Every structure is written in C-alpha cells, then in structure tokens.
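One letter stands for each residue in the lines below.
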Amino acid sequence: MDLRIFTEPQQGATYDTLLAVARATEDLGFDAFFRSDHYLKMGSVDGLPGPTDAWITLAGLARETKRIRLGTLMTAATFRLPGVLAVQVAQVDQMSGGRIELGLGAGWFEEEHKAYGIPFPKEKFGRLEEQLEIVTGLWGTEPGSTYDFHGTHYDLTGSPALPKPAQARIPVLIGGHGAARTPRLAARYADEFNMPFSSVEDTGRQFGRVRAAAEAAGRKADDLVYSNALVVCVGKDDQEVARRAAAIGREPGELRANGLAGSPAEVVDRIGRYAEVGTSRVYLQVLDLHDLDHLELISSQVQSQLA
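Only a predicted model underlies this, so the values are computations on that prediction, with no experimental measurement involved. (Residues numbered from 1 in each chain as written. Predicted model: local features only at pLDDT ≥ 70, side-chain atom pairs only at ≥ 80, totals over all residues. Heavy atoms only, no water.)

Student: Would you mind going over the packing of aromatic side chains with me for this structure?
Tutor: The tally for this structure, following the rule as stated, stands at six aromatic pairs. Relative to phenylalanine 207, the ring of phenylalanine 193 lies with its centre 6.4 Å away and its plane at 85°, an arrangement referred to as edge-to-face. Here phenylalanine 207 lies in helix α7 (residues 200–216) and phenylalanine 193 lies in strand β9 (residues 192–196), a separation of 14 residues in the sequence. What makes phenylalanine 193 buried here is its relative accessible area of 0%. Ring pairs connect the aromatic residues Tyr39, Phe79 and Tyr116, which therefore count as one cluster. (Phe/Tyr/Trp six-rings, centres within 6.5 Å; stacked < 30°, edge-to-face > 60°. Helix = DSSP H or I, 4+ residues; strand = E, 2+ residues; numbered from the N terminus. Buried < 20%, exposed > 50% of the residue type's maximum accessible area, 1.4 Å probe, protein only.)

Student: Please clarify how the packing of helix α10 (residues 264–276) against helix α11 (residues 292–306) should be interpreted in this entry.
Tutor: Two quantities define a packed helix pair, namely the angle between the axes and the distance from one axis to the other. With their axes 10 Å apart at the nearest point, α10 and α11 run at an angle of 40° to one another. One finds that α10 runs oblique with respect to α11. For the pair α10 and α11, the crossing hand works out as right-handed. Packed against α10, whose contacting residues are Pro264, Val267, Val268 and Ile271, the element α11 presents Leu297, Gln301, Val302, Gln305 and Leu306 at the interface. In terms of residue class, the contact of α10 with α11 is built from seven nonpolar, two polar and no charged. (Axes fitted to C-alpha atoms, helices over the stretch in contact; angles between N-to-C directions. Parallel < 35°, antiparallel > 145°, perpendicular 65-115°, else oblique. Left-handed = near helix turned anticlockwise from the far one by under 90°. Contact = heavy atoms within 4.5 Å. Nonpolar A, V, L, I, M, F, W, Y, C, P; charged D, E, K, R; others polar.)

Student: Explain helix α6 (residues 181–189) here, please?
Tutor: Quick reminder: α-helices carry 3.6 residues per turn. Residues three or four places apart thus point the same way. Within the sequence span of α6, burial applies to Thr182, Pro183, Leu185, Ala186, Ala187 and Tyr189. Here the buried face of α6 lies against α5 (125–140), β8 (172–175), β9 and α7.

Student: Explain the side chain of threonine 17 to me, please; I cannot follow it from the model alone.
Tutor: With respect to the helices, strands and loops of the structure, threonine 17 is situated in helix α1 (residues 15–27). Overall, threonine 17 belongs to the buried group, its relative accessible area being 13%. Setting aside residues no more than four positions away along its own chain, threonine 17 makes contact with Leu289 and His290.

Student: What is the right way to read the nonpolar core from this model?
Tutor: One recurring pattern in soluble globular proteins: nonpolar side chains tend to sit buried together. In this structure, Trp55, Trp139 and Leu284 are the most contacted members of the largest nonpolar core, which totals 74 residues. The dominant element in this core, judged by the number of residues it contributes, is α5, at seven residues. By size, the runner-up hydrophobic cluster in this structure holds seven residues, among which are Phe6, Phe34, Leu173 and Ala229. (Core = buried A, V, L, I, M, F, W, Y, C linked by side-chain atoms within 4.5 Å.)

Structure, rendered in structure tokens:
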C-alpha cells in the first residue's frame, strides 16, 4: 500500500510551508507529494496568505526534492490550454528528473473561476476528453514529427510537440464518481484511477465499473492503479485525535465515518478495508500543514505497519 501526502494549499499556505511538508514527505518515507489545483479557499477558513499555482509550486519542489513523486489531484482543464499544459508538465518533469504525474479533471468550482476571471464553460467533460487526447498525443509524437488535432473545443496544426518529458510516459490520473463516461475515459487514457472521498462500498462499485470499462477497451483491468483520496486525522489517543480534528474544523466522529481518523491501529484497519476492494494507493489529505508531527506519527505507526 503506497501512502502519498495530499495538500490543499488554497486553504492557506505559502510556498515555504509547502516545501517544508514536501521535505517531511521525503524524509519520512512517503511515496509522493501531491497538491490540489485551486485558486479560491473553501469553507470558513481565511485562506491567507492567498493561493499558490500548482505547477509553479511543483516546479520549485522538483528542484528541492530528490526522491518523491510529485503531482496534482486534479489539475483543472478549465485553467489551462492543453498545448500549454503539455509544455508545462513536460518541463517540470525534466526539472524533477522524471518524477511527475498528471492528475487531470474537468474543473468544477465555479466561484473561483468568477473570482479570477477564468471562463467556466457549460460543456466541461468534452473539453477534458480533448485535453487528454492532446496532452498525451503531444508527448507521444515522435521527435521530428508534428502533431495535428481538430476537435470541437481545440484546434492544433503543425505542432512540433516539444518539449518531451524526461519519462517515457508521464502517468496520467483520472478520477471521479461518474458511472459511465468517467470509467470509459479512464479506460482510454489513465494509468491510475482515483476515487475521491468515498466510502469503501462506493469505491468498490466504481472500481468495478472502471475495471469493466478497461476490459471492454481491450486493456487488462490490472494495468491501472486504483487509489483513494481520504482526509487523515491520526492521534496517539482520543485527546490527540480531537485536538487535530478541531484544528481543521472537523469532528472526530465525522472524520472516523468519512475518512481515515483515530488511533494508528484504527487507521490501519480502515485502510485494510479499502485494500479489500482493490485500493493499492491512498492519498492522505493533510489539512493542517504546520503539524509535521502528524506526518511523523503516520510514518512511524501507520505506514510502518502497512509496509
């Protein structure tokens, strides 16, 4: 079971804070550091000092870490043109020595689009599908050849399809709860399917749909990695769990029901239930980015048992 650290910097974080978390992620033996791609806070937090850009952040971390994988859950297709995104991600992959992964989603938070003047189209899923085709097509074009694409939403003619990533193939992550279109899209483009903030039962059902879609598309179902993103709140005792829950504005009981919360033993047991339905990787949503002792506890008493 791979454990990855997943952050939500739009809730309030500087680059230096994210760097500290990424370095702790690396030092404590976690597999990867991922971040959301949002420009506006959610909920009652103040969001100070303001948002950071996902790919600028990852470019910095690419130069200041050595081992961990780096990526997004999920880059919003509404934020970037696909040709530009392909250049950005390939460049950051080069800067990291081949440690980048791209989670790409349709985009959903209308308020942040209004706040920063970003168009929020009605038809988002079709744009996502074309972006996946273009980004992977640009990366996969042989050097010296050009790439063309003529779709409903995007049109590329004579692209040199440069630069190329350091990796032969940058892993692509697709996720979501959609019962039909999402599994088909994952079957066509994804190296990993991620189920965000879902119960064991819903996870098992959606994994089954993705596996069936992969086989219908002529792929082996096990070609994909199956993962979850879940909020984490671990404590040595109930008092520590309650303190950490309060720090992120949540209740211990709700976190136990909907995430990975409680003692290390409770969390290990809960992860085991996800493993039974096919999960092999978990993105631990860490909301208090100043509590590095939390990461140390998860590393020493949760990750060690799963290893």
